[in-house]
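Analysis of the macromolecular model
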Amino acid sequence: MRFWVNVLLALPAAAPGVFANRQVDGETKNVAIIGAGAAGASAAYHLQRYADEEGLAINITILERSGHIGGRTVTVPVFEDPALPIELGASIFVTVNHILYNATKAFDLPLTEMSASASGDITAIWDGDSFVFESTKGSKWWWDAGKLWWRYGLAPYRALKLVKSVVDTFLKLYDEPNFPFRSLTQRVFELDLHKATAVTGSQFLAKHDLNGEFAREIIQAATRVNYASNLDYIHGLEAMVSFATEGAVAVAGGNWQIFDAMVRRSGAALHRNTSVTGITLAKGTAQLGKGRKYIISARDSAHPSDKDGKPLPTVFDNVIIASPWQFSNIDAAEGIIKHGIDPVPYTKLHVTLFTSPFKLHAEYFNLKPGAKAPSNVYTTLGKGEEPKRGADGVGKMGFYSISTLRSVVNPKTKKVEFVYKIFSAEAVTAAFLSDLLGTPVPNTFVTSLTDGSSSTAVQPISWYHPHWFFSYPVELPRVTFQDPIVGQGIYYTSGIESFISTMETSALMGMNVARLIADDFAGCSRPGGAPERGGKNSEGDTQGNMDGEAGASAENITIDVDEL
């Protein structure tokens, strides 16, 4: 059984900090996108496509505070060699991810296997005491299936059926009348997906007779490696997403290339290292329903001394906030954000990459000396171990997963070494790595050559790269979600993160917002995305439609607990 870790036209981009005020005609619309991650890149790409289809004239400006496109999709060069990229952030997506997979075909991006395991390599699930399940690369499929059946009966079969049912329902969000949507909450209820989001993963599985050892040992291992959460602290829908592993792939060289290609194909003016500091109304456009326009202030984030933002010369008709609002440090003038954006707790995940000539040490996993240790280890809580929230829930083993990603040749020793990735709740220590590899690791992790040691000497760790992310929200049960329209002409994409947090769903919300904007500009009416109250007026007013379909709001929704 396999688990995965929860991810062209060379058009010129504007230089960092340089803003060209494009000459526009009467009906040309200016749209600003704050953030060039999955959502922002997708919004730009799809907005230009929809504009072309509708014959709309649109100028798109992307403001990205880092120098990187792709958000949490980041590659790191092993041994600082660009020819050896390793995915640090979002590593994998699946072929059922329509937007990402279709983009790789449209942009001619080659796909690669999700791991480079050799025949005989073992992938195991560890509960801190023993391995509760093992799979060997190259073994017959029926052998693993037989072991699953012998240990868990029909639970694996029922789980796969449940996952398929939930995923098939979710995929309805891509098509009319469910797409586009002005209210994510309303769509969740219309598709009955609230029955999965309103309860914990444990409760959802128990409702479908999937509690017990299979849930704890197998499905919980998936929720931990993908979302650093135990089943009691993640909602049922995200638990099912964690287990949807069929067709796992990645882009050779890094998944960020999907979003880089989207930005290039959109023709947007891209400004890297540009931190947005404020959003204000342009003079004379403050009245609701009268075609509001916005002024954005920004600063050069590559220079810490540049603390004060300056207004950009372009006045924008729409603004897409395509990054978590709580981390943005943007000052929005009074009245711009009409529907408050609620902060959500995010998981702080430590990701450690390193190379070593040593394989994982068998005795660390309570195996007998000389036994073969696994190459990939996913973890679950031991029987009777109390599940807790966040970093406190990592358990006695102290990490969520250890993966052997590939083998490489050390450029100094010219010998083969292994590239490892560790997901953990806290930064790893030299003592932990010493036990894991079965050899002393210095406190500096990488041996210094200034102490007189030879460059060809065996080093326990020859390259080391630690990092941490606010990787994804803590996906606690909920039934209401942030809607994409938060003000007149102001759109927000990160509300989908508490529903499902993946590269694909971020791209979906970017595409959804793009469709809403294009429809409003063109005066289009379509099932689902159409304004319900009076349509779009001549001034381009979307404010009157912000509450979305059927007035979807928390007070209009009733829940029959017995149905959950």
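Each chain carries its own residue numbering, running from 1 in the written order of its sequence. Side-chain atom pairs in this predicted model are given and counted only at pLDDT of 80 or more, local residue features only at pLDDT of at least 70, and totals for whole chains, interfaces and linings cover all residues. To get the side-chain values, all heavy atoms of the structure are used, and hydrogens and water are removed first.

Per an unreviewed UniProt entry, the recorded name for the chain is Prenylcysteine lyase, and the organism is Drechmeria coniospora. Under Cofactor (unreviewed entry), UniProt gives the following word-for-word description of the chain: "FAD". Recorded in UniProt under Sequence similarities (unreviewed entry), the annotation for the chain is "Belongs to the prenylcysteine oxidase family." UniProt positions are given in the numbering used here, feature names are shortened, and annotations may be inferred rather than shown by experiment.

**A look at the pattern of salt bridges**
One side-chain nitrogen of Lys or Arg within 4 Å of one carboxyl oxygen of Asp or Glu is enough to make a salt bridge. For the structure shown, the criterion picks out 16 salt bridges. A salt bridge links Asp129 to Lys396, with the shortest nitrogen-to-oxygen separation between them at 2.7 Å. Here Lys396 lies in the loop between β17 (376-379) and β18 (399-409) and Asp129 lies in the loop between β7 (122-126) and β8 (131-136), a separation of 267 residues in the sequence. The salt bridge partner of Lys147 is Asp144, with a shortest N-O separation of 3.6 Å. In this pair, Lys147 and Asp144 both sit in helix α3 (residues 141-152), three residues apart, roughly one turn of the helix. Throughout, exposure labels follow a simple rule: accessible area from a 1.4 Å probe, protein chains only, divided by the maximum for the residue type, with under 20% read as buried, over 50% as exposed, and the rest as partly exposed. Given a relative accessible area of 27%, Lys147 falls into the partly exposed group. Taking relative accessible area as the criterion, Asp144 reaches 10% and is therefore assigned buried. Within the structure, one salt-bridge network assembled from shared partners comprises Arg151, Glu213, Arg216, Glu217 and Lys383. Think of it this way: any DSSP run of H or I at least four residues long counts as a helix, any run of E at least two long counts as a strand, and we number them from the N terminus.

**Focus: helix α1 (residues 38-54)**
An expected span of 1.5 Å times one less than the residue number is assigned to each helix. Taking 1.5 Å as the rise per residue, α1 with 17 residues should run 24 Å; its terminal C-alpha atoms sit 24 Å apart, in good agreement. The buried fraction of α1 amounts to 13 of the 17 residues, a majority that puts the element mostly inside the structure. Positive backbone phi, approximately 70°, marks Gly55, located one or two places after α1.

**Remarks on the confidence of the model for the chain**
Looking at the chain, pLDDT values average 86 and 85% of them are 70 or higher. Along the chain, pLDDT gives the predictor's confidence residue by residue, from 0 to 100. It only takes one pair of heavy atoms within 4.5 Å for two residues to be counted as in contact. A low-confidence stretch, residues 1-26 (pLDDT under 50), is modelled with 77 contacts involving residues beyond four sequence positions or located in other chains. Ignoring residues within four places in sequence, the model shows residues 449-455, a span with pLDDT below 50, making eight contacts including any to other chains.

**Quick notes on the packing of aromatic side chains**
Working definition: an aromatic ring pair is given by the centre-to-centre distance plus the angle between the planes. Working definition: rings of Phe, Tyr and Trp (its six-membered ring) pair if their centres are within 6.5 Å, and the pair is stacked with planes under 30 degrees apart, edge-to-face with planes over 60 apart, and tilted otherwise. According to the stated counting rule, one finds 20 aromatic pairs in the structure shown. Ring plane angle 75° and centroid distance 5.5 Å describe the contact between Tyr45 and Phe107, whose orientation is recorded as edge-to-face. Here Tyr45, found in helix α1, pairs with Phe107, found in the loop between α2 (98-106) and β6 (111-112); they are 62 residues apart in sequence, far enough to count as distant. Overall, Tyr45 belongs to the buried group, its relative accessible area being 10%. The class for Phe107 is buried, based on a relative accessible area of 3%. Centroid distance Tyr152 to Phe214: 5.3 Å. Interplanar angle 70°. Geometry classified as edge-to-face. You can see Tyr152 sitting in helix α3 and its partner Phe214 sitting in helix α8 (residues 213-227), a full 62 residues away along the chain. As far as the burial class goes, Tyr152 and Phe214 line up, both buried. Among the aromatic residues, those joined into a ring-pair cluster are Trp126, Phe131, Tyr364, Phe365, Phe399 and Phe432. Criterion for a charge above a ring: Arg CZ or Lys NZ at most 6 Å from the ring centre, at most 35 degrees from the ring normal. In this structure, Lys348 is placed above the aromatic ring of Trp468, and the distance from its NZ or CZ to the ring centre is 4.3 Å. Its guanidinium or amino end placed over the ring of Tyr50, Arg515 lies 4.0 Å from that ring's centre, counting from NZ or CZ.

**Structural notes on the environment of Pro343**
Examined against the element boundaries, Pro343 turns out to sit in the loop between β15 (331-332) and β16 (346-356). For Pro343, a relative accessible area of 63% translates into the label exposed. Between the C-alpha atoms of Pro343 and Phe327, which are 16 residues apart in sequence, the distance is 9.2 Å.

**Description of α8**
Counted at 1.5 Å a residue, the expected span for α8 with its 15 residues is 21 Å, and the 20 Å between its end C-alpha atoms agrees. At any given residue, the bend is defined as the angle formed between two axes, one fitted to the seven residues that end at that position and one fitted to the seven that begin there. Considering bend angle alone, the principal kink of α8 is centred on Gln220 and spans about 35°. In terms of residue burial, α8 counts as a mostly covered element, since 14 of its 15 residues are buried. Phi turns positive, to about 50°, at Ala228, one or two residues after α8.

**Structural notes on the sheet that holds strand β13 (residues 310-311)**
With respect to topology, four strands assemble into an open sheet ordered β13-β12-β11-β15, the strand pairing being mixed. Two strands lie at the open edges of the sheet, namely β13 and β15, each paired on one side alone. Strands qualify as paired when DSSP identifies two bridges or more between them. As defined by bridge partners, strand β12 (residues 294-300) adjoins β13 across two bridges and the pair is classed as antiparallel. The residue of β13 that forms the bridge with Ala298 is Lys310.

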